[in-house]
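# A look at the structure
Listed below are the residues making up each chain.
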Amino acid sequence: MATQIDKEACREAYNQVRDDNSDTIWAVFKYEGTRILPAGQGTDYEDFKSMCTDDARLFAFVRITMGDAMSKRAKFTLITWIGENIGGLQRAKISTDKALVKEIVQNFAKEFMFSDPRELDADNIRTELKKAGGANYDAQAE
């Protein structure tokens, strides 16, 4: 059976992360049978990381604060998590189902696909976002 996504509920969670007046920095979308639904959102990145288990497959939209002492700005990323215990058929399906998620999650600086918890390190993601951002004027940090 084809995967479906709850567009309205997922869009609401996505918009909460994008809202500059909200403290929400992540939203997770998980499978429930053949449907993709919002599975949580929060203000602590560690809470998001705890959802990324060996038995989970999920999508996450995450806000990362970037910048230097002079200016801060939000960058967004789409993370696909595939736990180590996920079978081949489900791994393949997540790649095609990502198109459904991208109909809602449209604005992000970089996309990641992870299966190792160490890859979820916030500094690792921040470094990759900095590389993807082009010019780096933070000369004091060099």
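The notes below deal with the structure included here.

Conventions and cut-offs
Along each chain, the written sequence defines residue order, and numbers are assigned to residues from 1. Under the rules for a predicted model, residues below a pLDDT of 70 receive no local features and side-chain atom pairs below 80 are neither given nor counted, while totals for whole chains, interfaces and linings still include all residues. The basis for the side-chain values is all heavy atoms of the structure; hydrogens and waters are excluded. Any two strands with at least two DSSP bridges between them are considered paired. The way it works is that DSSP assigns letters per residue, a run of H or I at least four long becomes a helix, a run of E at least two long becomes a strand, and they are numbered from the N terminus. Helices are assigned an expected span. That span is 1.5 Å times one less than the residue count. Bend angle per residue: angle between axes fitted to the 7 residues ending at that residue and the 7 residues starting there. When a residue's accessible area, from a 1.4 Å probe over protein chains only, is under 20% of the maximum for its type it is buried; when over 50% it is exposed; and in between it is partly exposed. Contacts are assigned to residue pairs that have any heavy atoms within 4.5 Å of one another. Between rings of Phe, Tyr and Trp, where Trp is taken as its six-membered ring, a pair exists when centres lie within 6.5 Å; planes separated by under 30 degrees are stacked, by over 60 edge-to-face, and by other angles tilted. Put simply, a charge is over a ring when the Lys NZ or the Arg CZ is close to the ring centre, within 6 Å, and near the line of the ring normal, within 35 degrees. Here, the term nonpolar core denotes a set of buried Ala, Val, Leu, Ile, Met, Phe, Trp, Tyr and Cys residues that are joined through side-chain atoms within 4.5 Å.

## Description of the sheet that holds strand 1 (residues 4–5)
The strand order 1-3-2-4-5-6 describes an open sheet built from 6 strands, whose pairing is mixed. Every interior strand has two partners, whereas the edge strands, strand 1 and strand 6 (110–114), have only one. Taken together, the 2 bridges between strand 1 and strand 3 (residues 35–42) define a ladder with parallel strand orientation. Within strand 3, the position partnered with Ile5 by the bridge is Ile36.

## Focus: helix 3 (residues 88–102)
In this model helix 3 runs 22 Å from its N-terminal to its C-terminal C-alpha over 15 residues, within 8% of the 21 Å that 1.5 Å per residue would give. The sharpest bend along helix 3 measures roughly 35 degrees and falls at Thr96. Every buried residue of helix 3 is accounted for by Ile94, Asp97, Lys98 and Val101. Where helix 3 is buried, its residues touch strand 1, strand 2 (26–32), strand 3, strand 4 (57–67), strand 5 (72–82) and strand 6.

## Here we look at the environment of Ile125
When you line up the elements, Ile125 lands in helix 4 (residues 122–132). Sequence separation of Ile125 and Ser95 is 30 residues, and the distance between their C-alpha atoms is 21 Å. With sequence-adjacent residues up to four places away left out, Ile125 is seen in contact with Tyr45, Ile64, Thr77, Ile79, Phe112, Phe114, Glu119 and Leu120.

## A closer look at the side chain of Thr24
Tracing the sequence through the fold places Thr24 in the loop between helix 1 (7–18) and strand 2. Judged by its relative accessible area of 11%, Thr24 falls in the buried class. Excluding its chain neighbours within four sequence positions, the residues that come into contact with Thr24 are Gln16, Val17, Gln41, Gly42, Thr43 and Arg63.

## Digging into the packing of aromatic side chains
Across all of its chains, the model carries 6 aromatic pairs by this definition. Between Tyr31 and Phe59 the ring centres are 6.2 Å apart and the planes differ by 45 degrees, which places this aromatic pair in the tilted class. Highlighted residues: Tyr31 in strand 2 and Phe59 in strand 4, separated in sequence by 28 residues. The same class applies to Tyr31 as to Phe59, namely buried. When the centroid spacing of 5.1 Å and the interplanar angle of 25 degrees are considered together, the rings of Phe112 and Phe114 count as stacked. Residue class for Phe114 comes out buried when judged on its relative accessible area of 7%. Aromatic ring contacts, followed pair by pair, group Tyr14, Phe61 and Phe76 into a single cluster. Over the aromatic face of Phe76 sits the side chain of Arg18, whose NZ or CZ is 4.6 Å from the ring centroid.

## What about the nonpolar core?
If you look at the biggest cluster of nonpolar residues, it comprises 20 residues, and the most contacted ones within it are Tyr45, Phe48, Leu58, Val62, Ile79, Leu120 and Ile125. Elements with a minimum of two residues in this core: strand 2, helix 2 (45–51), strand 4, strand 5, strand 6 and helix 4. Here the element with the most residues in this core is strand 4; it accounts for 5 residues. Among all residues touching Ile79, those that are not within four sequence positions of it are Tyr45, Phe48, Leu58, Phe59, Ala60, Val62, Phe112, Phe114, Leu120 and Ile125. Membership of the second largest hydrophobic core comes to 19 residues, among which are Ile5, Val17, Val101 and Ile104.

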